[in-house]
Structures are given as C-alpha cells and as structure tokens.
Amino acid sequence: MKKFVIVLLSATILAAPMAQARDHHRGQNDRGHHIEQPAPHKRMAPPKRVVAPKHHWKKGHRMTAAERRHMREVRDYRRHRLSAPPRGHRWVRIDNDFLLIGITSGLISSIIAVR
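Scope of this entry: the structure provided in the associated data block. Nothing here was measured: the structure is a model prediction, and the numbers come from that model.

What counts and how
- Residues numbered from 1 in each chain as written.
- Predicted model: local features only at pLDDT ≥ 70, side-chain atom pairs only at ≥ 80, totals over all residues.
- Heavy atoms only, no water.
- Helix = DSSP H or I, 4+ residues; strand = E, 2+ residues; numbered from the N terminus.
- Buried < 20%, exposed > 50% of the residue type's maximum accessible area, 1.4 Å probe, protein only.
- Contact = heavy atoms within 4.5 Å.
- Pairing = 2+ DSSP bridges.
- Patch = residues over 30% accessible without salt bridge, like charges linked within 9 Å, V, L, I, M, F, W, Y side chains within 5 Å.
- Areas by Shrake-Rupley, 256 points an atom, 1.4 Å probe, with all protein chains shown as cover.
- Salt bridge = Lys/Arg side-chain N within 4 Å of Asp/Glu carboxyl O.
- Core = buried A, V, L, I, M, F, W, Y, C linked by side-chain atoms within 4.5 Å.

### Digging into the overall build of the protein chain
Within the protein chain one finds 2 helices and 4 strands. In sequence order, the secondary structure elements of the protein chain are arranged as α-α-β-β-β-β. The proportion of buried residues among the 115 residues of the protein chain is 16%. By sequence separation, contacts in the protein chain at least 24 residues apart represent 31% of the contacts at least 6 residues apart.

What follows is the structure, encoded as structure tokens:
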C-alpha cells in the first residue's frame, strides 16, 4: 500500500507542471477579447505585390517642386555619357531615365531613357 501511495504521489507531482502549462485562453488576448485565428488546414495567400506605374516623361512638362524633391541629381554626367548641362540646367535621374531640367523653371528640356 505504501508503494501505491508513493507512485500516485510522484505521478501527481510530475503531472502538475504539465497541467499548468496548458493554454486555457486559446484564441483570446490578455484582455479576454477573441482573436480570430486562421484554420490550420487552409493555406494563407501570399501578399500581393504593389507595382507602381512608371511615369512617362514628356519634353516641355513642368515639374512641380514635390516631383523635383524625389529626384537624384547627376553630377558625374560624363560617367553616364551625357553632355555637359547648359547654364541654368541640371541632369537628374529617375529610375533609368535621365532628364535635363531647368533649375528655376522645372521644364524638361531633354530626356534620355536607358534600357
């Protein structure tokens, strides 16, 4: 009888931590609100890629100050085989397009598209 009680006592001591580790609040956050969880048999769809349409620049288009802020000025124009910009103009790069724009007016004077 003593052996039976000792075995029963040791079983309860070993089983107690496993019983406490069980998740009683499955599907709920700390405040008791229900959290919707996807079913394990359904596959999640991959997130859709957002592709922004490429802007097609035109000669004579006046660029706004906001558009000009998002451009990168090209100072080493010879490296890209571009001619020297005339006074009052500068080369800028947007994606793979090089634009020659007027500094004060924002007018596009020339466009070179690199493919």
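### A short note on the sheet that holds strand E4 (residues 108-113)
The antiparallel open sheet is built from 4 strands, whose spatial order is E1-E2-E3-E4. The sheet is open, and its two borders are formed by strand E1 (72-73) and E4, each paired with just one other strand. In the sheet, strand E3 (residues 97-102) pairs with E4 via 5 bridges, with the strands oriented antiparallel. Residue pairing across strands places leucine 100 opposite serine 110, the latter belonging to E4.

### Observations regarding the pairing of strand E2 (residues 89-94)
Across 2 bridges, the pairing between E1 and E2 is antiparallel. Its bridge partner lying in E2, arginine 72 is registered against arginine 93. Here 6 bridges tie E2 to E3, and the two strands are oriented antiparallel to one another. Paired with arginine 93 across the two strands is phenylalanine 98, which belongs to E3. As consecutive antiparallel partners, E2 and E3 are separated by 2 residues, and within that stretch aspartate 95 has a phi angle of approximately 55°, a positive value.

### Here's the deal with a nonpolar patch on the surface
Taken together, the side chains of Met1, Phe4, Val5 and Leu8 present a nonpolar region at the surface, about 480 Å² in accessible area. What makes valine 5 partly exposed here is its relative accessible area of 44%.

### A word on unusual backbone geometry
The phi dihedral of arginine 81 falls on the positive side, at around 60°, and the residue is not glycine. Along the chain, arginine 81 turns up in the loop between E1 and E2. A relative accessible area of 79% places arginine 81 in the exposed class.

### Observations regarding the nonpolar core
Judged by nonpolar contacts, Trp57, Met63, Met71, Val92, Ile94, Leu99, Ile101 and Ile108 together constitute the single largest core of 8 residues. Those elements that provide at least two residues to this core are E2 and E3. Residues in contact with tryptophan 57, not counting those within four places in the same chain, are Met63, Glu67, Ile94, Asp97, Leu99, Ile108 and Ile111. Counting residues in hydrophobic clusters, the runner-up holds 6 residues, among them Val74, Leu82, Phe98 and Leu100.

### What about the pattern of salt bridges?
Taken as a whole and assessed by the stated rule, the structure comprises 3 salt bridges. Arginine 75 is the partner of glutamate 73 in a salt bridge, and the nearest nitrogen-oxygen pair spans 3.7 Å. Judged by relative accessible area, arginine 75 falls into the exposed class, the value being 68%. Between arginine 90 and glutamate 73 there is a salt bridge, with its nearest N and O atoms 3.6 Å apart. A residue pair is termed long-range when its members are at least 10 positions apart, and arginine 90 in strand E2 and glutamate 73 in strand E1 qualify at 17 residues. The partly exposed category is assigned to arginine 90, whose relative accessible area is 22%. Residue class for glutamate 73 comes out partly exposed when judged on its relative accessible area of 36%. Via salt bridges that share partners, Glu73, Arg75 and Arg90 belong to a single interconnected network.

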